[in-house]
Amino acid sequence: MTQAYRLAAGGRIDRSRTLGFSFDGKHYKGYQGDTLASALLANGVHLVGRSFKYHRPRGILSAGAEEPNALAGVGCDDAHYTPNLRATQVELYDGLKAESQNRSPSLVRDYGAVNDLLWRFFPAGFYYKTFMWPRKAWTKFFEPRIREMAGLGRSPQTPDAACYAQRFAHCDVLVIGAGPAGLAAALAAAKTGARVILCDEQAEPGGSLLAEPDAVIDGLPAADWLKAALAQLAAFPKVKVLARTIAFGYFPHNMLGLAESLTDHAGEPDDTSPRGRLWQVRAKEVVIAAGAIERPLVFPDNDRPGIMLAEAARIYAERYGVLPGRKPLVFTAHDSAYRTALALHRAGCAVAGIVDMRPAADGPYAAAARRAGLPIYLASTVSGTGGRLRVARATVVSLAGGAEQRIDCDTILMSGGFTPSVHLFSQSRGKLVFDATLDAFLPGAPAEACRVAGAGAGLQTLKEALESGAAAGAGAVGGAAVTYQVTNAPLARGGFIGVVPGHVDPTSVRAFVDYQNDVTAKDVSLALREGMRSVEHVKRFTTTGMATDQGKLSNMNALGIMSAELGKPVSAIGTTTFRMPYTPVPFGYFAGYARGELFEPERRTAIHGWAAERGAVFEDVGLWKRARYFPQGGEDMRAAVARECRAVRGGVGIFDASTLGKIEVVGPDAAEFLNRMYINAWTKLQPGRLRYGILLREDGFIIDDGVIGRVSETCFHVTTTTGGAPRVLAMMEDYLQTEFPELDVWLTSTTEQYAVIALQGPLARQVIEPLVEGADISAKAMPHMSMVECRIAGVPARLFRVSFTGELGFEINVPADYGRSVWEALMESGLAHGITPYGTETMHVLRAEKGYIIVGQETDGTVTPADVGYSGMIGKAKPDFVGKRALAREAFATQTNRKQLVGLLTADPALVLEEGAHIVADPAQPKPMTMLGHITSSYWSETLGRSIALALLRDGAARTGETLHVPLESGDARVTVVSSVFYDPEGVRLNG
Amino acid sequence: MLLIPCPYCGNRPEIEFAYGGEAHVVRAADPGQVDDAGWTEFLYCRNNPRGDHAERWRHAYGCGRFFNVKRNTYTDHIEASYRIGETRP
Amino acid sequence: MANLVHMVAPARRVPPCADTGDRRYTPVNGGARFLLRLREAAIGPAAEALGIDLAVPLNRASVVNSRGAMRLSPDEWLLLWPETEAASVAPLLAARLTDRRYSLTDISHRQTGLMLNGAAVPDILNSGCALDFDLAAFPVGMVTRTNFFKAEAVLWRQDEFSFYLEVWRSFVPYVWSLLSIVGREYPE
Ligand SMILES: [Zn+2]
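Computed from a prediction, not measured in an experiment: that's the story for all the values here.

Draft legend 1. Up close: the pairing of strand β13 (residues 245–251) of chain A. Residue and element names in this part refer to chain A. Counted residue by residue, β13 has six buried out of seven residues, so it is predominantly covered. Where β13 meets strand β14 (residues 255–261), six bridges bridge the pair, whose relative direction is antiparallel. Looking at β14, one finds that I246 is bridged to A259. Counted along the chain from β13 to the antiparallel partner β14, the turn is three residues long, and its residue H253 has a positive phi close to 60 degrees.

Draft legend 2. View of the interface of chain B and chain C. Tallying the contact residues gives 13 residues for chain B and 16 residues for chain C. Counting each side, the surface lost to burial between chain B and chain C is near 1000 Å², with a carbon and sulfur contribution of 52%. Its largest share of buried area at the contact with chain C, chain B owes to R12(B), Y61(B) and R65(B), together 41% of the area lost on that side. Applying the counting rule to chain B against chain C returns one salt bridge. Here D75(C) and R65(B) are joined by a salt bridge, their closest N and O atoms 3.7 Å apart. Across the side of chain B that touches chain C, the residue classes break down as eight nonpolar, two polar and three charged.

Draft legend 3. Fine view of the coordination of the zinc ion. Residues and elements named next belong to chain B. Donor atoms from the polypeptide that bind the zinc ion are C6 (SG), C9 (SG), H59 (ND1) and C63 (SG), placed at 2.0 to 2.4 Å. Because the angles between the four donor atoms bound to the zinc ion fall within 105 to 116 degrees, the donor set is best described as tetrahedral. Counting residues between consecutive donors of the zinc ion along the chain gives the motif C-x2-C-x49-H-x3-C. One end of the pair, C9, is in the loop between β1 (3–6) and β2 (10–13); the other, H59, is in the loop between β4 (52–58) and β5 (66–72), with 50 residues separating them in the sequence.

Draft legend 4. Summary view of helix α8 (residues 336–346) of chain A. All names here are of chain A. The element α8 is largely enclosed, with a buried count of nine among its eleven residues. Of all the residues in α8, the buried ones are S336, A337, Y338, R339, T340, A341, L342, A343 and L344. Just downstream of α8, G348 is the residue with a positive phi angle, here 105 degrees.

Draft legend 5. Quick look at the UniProt feature "domain: Aminomethyltransferase C-terminal" (unreviewed entry) in chain A. The sites that carry the UniProt feature "domain: Aminomethyltransferase C-terminal" (unreviewed entry) are, in the present numbering, residues 899–984 of chain A. Taken end to end, residues 899–984 of chain A has its terminal C-alpha atoms 25 Å apart, with 0% of it in helix and 49% in strand.

Draft legend 6. View of the domain arrangement of chain A. All names here are of chain A. The domain architecture assigned to chain A consists of domain 1 (14–126), domain 2 (163–292 + 420–487), domain 3 (297–367 + 377–415), domain 4 (660–820 + 840–846) and domain 5 (888–991). Just the C-alpha atoms count here: the centres of domain 1 and domain 2 sit 29 Å apart. Contacts between the two partners involve eight residues from domain 1 and, on the opposite side, eleven residues from domain 2. Of the roughly 680 Å² buried where domain 1 meets domain 2, counting both sides, 48% is carbon and sulfur surface. Looking at the side of domain 1 facing domain 2, the largest losses of area belong to H80, E91 and Y93, adding up to 62% of the total buried there. Between the two partners, domain 1 and domain 2, sit one salt bridge. For R244, the salt bridge is made with E91, and the minimal N-O distance between the two is 2.5 Å. Taken together, domain 1 and domain 2 are joined by three residue pairs in polar contact (both at pLDDT 80 or more).

Draft legend 7. Inspection of the nonpolar core at higher detail. All names here are of chain A. L36, Y316 and L329 are the most contacted members of the largest nonpolar core, which totals 92 residues. Sequence-distant contacts of L36, defined by excluding residues within four places in its chain, comprise F21, A72, A87, V90, L92, L96 and A98. In terms of nonpolar packing, the next biggest core, distinct from the first, is built from 45 residues, A247, A511, V519 and M562 among them.

Draft legend 8. Highlighting the interface of chain C and chain A. The partner chain A presents 55 residues to the 53 residues of chain C that form the contact. When the two sides are added together, the surface that chain C and chain A hide from each other amounts to roughly 4600 Å², 56% of it contributed by carbon and sulfur. If you look at where chain C meets chain A, you find nine salt bridges. The partner of E824(A) in a salt bridge is R13(C), and the shortest N-O contact between them spans 3.0 Å. Linking chain C with chain A are 24 residue pairs in polar contact (both at pLDDT 80 or more). Of all the elements, helix α4 (residues 172–183) of chain C adds the most residues to the side of chain C that touches chain A, at five residues. Looking at side-chain class alone, the side of chain C that touches chain A contains 25 nonpolar, eleven polar and 17 charged residues.

Draft legend 9. Summary view of the sheet that holds strand β2 (residues 32–38) of chain C. All names here are of chain C. On the basis of which strands lie adjacent, the open sheet formed by five strands has the order β3-β4-β5-β2-β6 and antiparallel pairing. Edge positions in the open sheet fall to β3 (61–64) and β6 (102–106), since each of these has one partner strand only. In this sheet, neighbouring strand axes are inclined to one another by 20 degrees on average, regardless of whether the strands run parallel or antiparallel. As paired elements, strand β4 (residues 67–73) and strand β5 (residues 76–81) share five bridges and run antiparallel to each other. Looking across to β5, one finds that S73 is bridged to E76. Contacts from helix α2 (residues 89–96) reach β2, β5 and β6 within the one sheet, and its direction differs from that of β6 by about 170 degrees.

Rules of the game
Residues numbered from 1 in each chain as written. Chains lettered and ligands numbered in written order. Predicted model: local features only at pLDDT ≥ 70, side-chain atom pairs only at ≥ 80, totals over all residues. Heavy atoms only, no water. Buried < 20%, exposed > 50% of the residue type's maximum accessible area, 1.4 Å probe, protein only. Helix = DSSP H or I, 4+ residues; strand = E, 2+ residues; numbered from the N terminus. Pairing = 2+ DSSP bridges. Contact = heavy atoms within 4.5 Å. Buried area = accessible area lost by both parts, 1.4 Å probe. Salt bridge = Lys/Arg side-chain N within 4 Å of Asp/Glu carboxyl O. Nonpolar A, V, L, I, M, F, W, Y, C, P; charged D, E, K, R; others polar. Donors = N, O, S within 2.8 Å, 3.2 Å for Na, K, Ca; no water. Tetrahedral: all angles 85-135°; square planar, octahedral: opposite > 155°, others 65-115°. UniProt positions renumbered as here; feature names shortened; annotations may be inferred. Domains from an automatic or database assignment. Polar contact = N/O pair within 3.5 Å; in protein donor to acceptor, adjacent residues only side chain to side chain. Core = buried A, V, L, I, M, F, W, Y, C linked by side-chain atoms within 4.5 Å. Axes fitted to C-alpha atoms, helices over the stretch in contact; angles between N-to-C directions.

Now the structure itself:
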């Protein structure tokens, strides 16, 4: 197919590099330097989408980020597919595959277009009103239908194959936008030696200078000045220019989010190098030079394909060498559209006319248009348009009245003037001020260290843009102001907001305000009639400005309508808040490297490799991977756990307890500090002894537990739960630094210093003894709850005699790098005793048989020591400890029905209850039942040959022997309340 | 991400810090002397102003020190940071 | 039962670092590390006992021969010591600071060092560390605790393009993998 609308010469495209691409399966050609939009226009394609609500045919409206209609899905396959890309920003590459959205089955025949015929029934607020009742109809009928028909694009169904990069960066000045103002700002700042980052959303920096054939800057044609400026910037070592980089978010303290596209323009997906990079830039100063966005005019049927913004049309002609049509009609309230008309006229178009709402058009562009003989209709308006899939005609009428005149045309190029792009400034929480002469919100007082330059600040000439940029860039770093000599770039004036006046009832026709969300002038009027007064209410009721384009084109016109109908100035109505992102950013940018195995650190112990080599099944505990069980042969978990349990109770088991949190508490006041933190008394604990400690929060509830060993008079080895280690250390530091700074004690995490190997079972001593040097570990010399420093397998060790199984047990702490060697030595020593490695599941079962709690399982942040039967551990003589005062509150003392820890036995010994299941007195009571408590732990106990459960039960201690019920999905389970210690209640086995 | 002035290390990114709640909530030297209402106040009642707020931060991935910051909760502007024990500016 | 004590020659096994093929990264295995905590008054005596200046500013390193003291907090120093001299550290301090108002904790096995050399290293670090590595903001000789992605790290700038990074041992594979992936964006 030929590029029928491509000019023979001119523009910044490379005609020597022809690129093939497809749109909706049809093949076209374009050139290097094209966007998808410019290439489609070169091929005469305007119809590129169907609208969101009415499925009306839509065409390319703009040439930039503000594009609401030309949204395309792009990608060679589903794993590289990105929906909702603006065709005006998609750089063309050879083989590009794009498809239109919101149509079925095709753009030309769209079944959803029936909505267009029913449009009277889809007014603003339609969703709220229609679907309130009945509830079932919403979930069963309306919602699925709406979800199918609405929504933008389709989500890819396969994981994103691309990878993404992230970077933090710092600079003295971040300049956003590399148009004339941004370039001048970057140059002025760079000259002082400052660190400068200049970013621009387009492939090529330059902004408006990329379509500027006339202006002369400091004696150079604009294009040459641009080239020189970029060369100058490249020579500064501390300047970084980021093209294809959108500043999408402005966060507190001058932190900005930039999304840099790295490979999208190149086509060939190479999944090993990043597709894009998220920059998080901390700037001392920010210069926003984001330019201005041309406004559409709101007139009847202003959305047919072929109707586009006038400045965009000029950009297509002068930057891409593409004519949007051959017979354009210009409709304007601003001088700049005359420039477009002239440019197209020069390029060979038959300009059908210039319809200007204003009674007079002076200015140099209007004068030139008159000299060129272009037909001009002053004080006139377009009252309607015709044409099915492409505009073919317009009716023009004088504002003073009279007959409508039909004008044939193939494009309508409209301009309502320019809206400064204040999005980022507003995101930074800077105040916007309405300027009535420009009909625009301008940046007012900044909230961050930022300055706004150029068209974004409401400045209208190239000279002002350059000089305001230079002033901002220099001002940010204390540099000198610069002046520029600019010729052939005259001021263009004008502008309009609201519905264009005319002799048709604007409520009976569709004059679109928000193209992307299909909001018409009628919808805004309706919102006002229904009583909406605040701009925020109108926005939500009509959804104007709420689409992915964030109202870049629609906000001011919506405000103009409100202003006219309410009879209030725009300044009294205000504007809505702009939110990030400025344009949509793919999720991958935010995920960055954090995916798959690198989503979070996977922490592994020193013994992990040994367990993995033996086929252990692992479970996640916090960030840790812990061996859950060690299946042998074809064992399932239950069989493996049963075997491991028998081995520990009958012989000896070995367990990797390295993940336990460990804190070294050192200093003359160590015991006093622990007295104030834990409920237990520590002063009298002798060096070489261990004690089980309970830690409360200040509100009296258990937060952690663990065995604490006194290594010496001034040194304690504190253990915490696996998940609680960082929390406990932070809490201790908090009290130490802020409440007890006078104490001479210091805390150091030693969690990872030690590998911890638990040996449990009646034969445990026989396994360890041959490896011990420097200690007597006989029952007499080393009783339960004692510790000794010695060497084990030649390695310095802290040996604890401690048990979390109820059996004779030891825990060996050795420096982590030696963990695996010592483990292997113990395995070798234990070979003759049938030593059996066991995992966390067996550990859980064995401790439950003994009624030992696990913090976070038997406790949930509302459990006191008394609730789990640990009142006796409280150091009664201590004047204070964290949580003591809270426990003394009358509310606790008078509460009679607290949940307390009990054991439960099912009537059916084979039934293992579900953890979390509720306990009730009468399963026949009406729902919702009165819940007496819940199951916290439940296992098959191989030792007892039946199931066991722990539960928190209201008034549980007084209910021993009672029969209660646990309603389960499989039916009601009868249970008897028993002691929470199921096995060896006297604890004789501990003393083996 | 805020830029938080640690009184020890200087300006550092928020990601290095842990928030510690409202500052200057005094734990009584002898909690036994505080009545139930007073202790409930200490445990649960905090200010939630729109504007200036004195709050604790810990430079957890840095020097590890707790300190106080005066931050405007509406603008996020940080007016001062000061060490534990120093009076609120 | 035979005494097995001498059957085993204990092997020190550091966390695995997969071979990235990136010559800019080198694991630094072994060595002794201590965390030393001191009151202000004890800084002088402790420094004398250890033969190294401890009164350096916060977030600065003090180096003598092959010993280093990194001041990570007003009252906290990370001591990097040759393994052969490690056994003397505790006795030297105990002899001098007889009131025991200090804390010395052996963390030799808690963390592992990684040496990073190359012009792109500041950029590579900035993938997961939010600090400013401009020489004015992070001069040679600066050392600080910070984060690298979701791992806690101690980062010491030994030269403009040479950084020494310490992370807890279980985070080593995670950090190493990230360094390797990010390194590909900045070819050697
Ligand atoms: Zn700090």
